Structures are given as structure tokens and as C-alpha cells.
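Each chain is listed here by its residues.
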Amino acid sequence: MGGRLHPHRRGLATTLAVAALALGTLAATPAAADEAADHAAILKAEQDWLTATESGDRAALERLLHPTFVNISPLGGMRNRAESLSAGPPPPGSSQTLTELKVRTFRDSAVVTGVNRYRPNAKAKPTDVVFTDVFVRTPHGWQVVSSHNSIRPAPAER
């Protein structure tokens, strides 16, 4: 028979190949859907974190910040979860906008990079703070364990 299949076996081989492809596609679909759902949940957590920070919503911050949370400020200062929770909200009239968000997931952890455009007041020149946030999946949902921030230099300084 060499490498040739009997006509009946060829039909069986074709059927099995099609079935394997279909199963592979079906098996991949939930993972893709799960990844999309994870990305959406993590992006929502980022926005919820910003909103809770701006409004001083301690309960929301407690849900979002993992017990081991560490923040590194643009000037290199470090603060833990308790210190972050006791920090007050930004000054009235200030604004923050998240842009350039990119999420990468790794099973039960995720890394988010982006820019937080901060204005201390409506007339002030904005400061772009680039950040890397690390999230972990917990029984309580996605929580941030680490955040590192750097001030982005103006385009002429880059």
C-alpha cells in the first residue's frame, strides 16, 4: 500500500481530520472569549481604580488593591496598600484620563501599560504619567499588586 490509503480509509481519514480541526477550533474559542473577557474586566478595573481614587472611594480601593500592593511613584517613592488607602483624593478641579492602554494576560496575571494624563486644574498644562500595573486574578476578581509610574518627558525632551 505504500503511502496510499484504501478508498474507504481515505474517507475515514478525511472525516477524522475535519473532526480534529473542528474540535481544535471549538477548543480555542472559549480561551479567546475568556481572554477578551479578562481584558475587559482588567480595563474596567483600571477605570474603576481611577474613579475610586478621584472620589476617595475607600471601599472600592480596598476591593481593587491586593493586600500586597506596592506603588512606585514617578519620583521613586514607594508606598504599600495601607499608605495608598490613606492617601487623600487629588485636589478639587484636577482631572485624570487614561490613554494608550494595552493589556497582556498570562493565565492568572496581567500587565497593563498606559498613560495617565493628569491636570492639577483646568488651566494647567497636563503631565503624562506612563505606568505599568500588574494584576492577579483572585477569588474576588482582578486585583492590582504593583504599579510603577514615570513622568513622560515632553516630546522635545525625548
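Residues numbered from 1 in each chain as written. Predicted model: local features only at pLDDT ≥ 70, side-chain atom pairs only at ≥ 80, totals over all residues. Heavy atoms only, no water.

Looking now at the nonpolar core. Of all hydrophobic cores here, the largest spans 19 residues; its most connected members are Ile 42, Trp 49, Leu 65, Val 112, Phe 135 and Val 144. Secondary-structure elements contributing two or more residues to this core are helix H1 (7-55), helix H2 (58-64), strand S1 (65-72), strand S3 (95-106), strand S4 (109-119), strand S5 (127-138) and strand S6 (141-151). It is H1 that contributes the most residues to this core, five residues altogether. Apart from residues lying up to four places away in sequence, Val 112 is in contact with Ile 42, Glu 46, Leu 101, Lys 102, Val 103, Phe 131, Thr 132, Asp 133 and Phe 135. (Core = buried A, V, L, I, M, F, W, Y, C linked by side-chain atoms within 4.5 Å. Buried < 20%, exposed > 50% of the residue type's maximum accessible area, 1.4 Å probe, protein only. Helix = DSSP H or I, 4+ residues; strand = E, 2+ residues; numbered from the N terminus. Contact = heavy atoms within 4.5 Å.)

Moving on: the pairing of S1. Here four bridges tie S1 to S6, and the two strands are oriented parallel to one another. Among the inter-strand pairings, Val 70 is bridged to a residue of S6, identified as Ser 146. The pairing of S1 with strand S2 (residues 78-80) spans three bridges and is classified as antiparallel. Paired with Ile 72 across the strands is Met 78, a residue of S2. Connecting S1 to the antiparallel partner S2 that follows it, the hairpin turn spans five residues, and Gly 76 within it adopts a positive phi of roughly 95°. (Pairing = 2+ DSSP bridges.)

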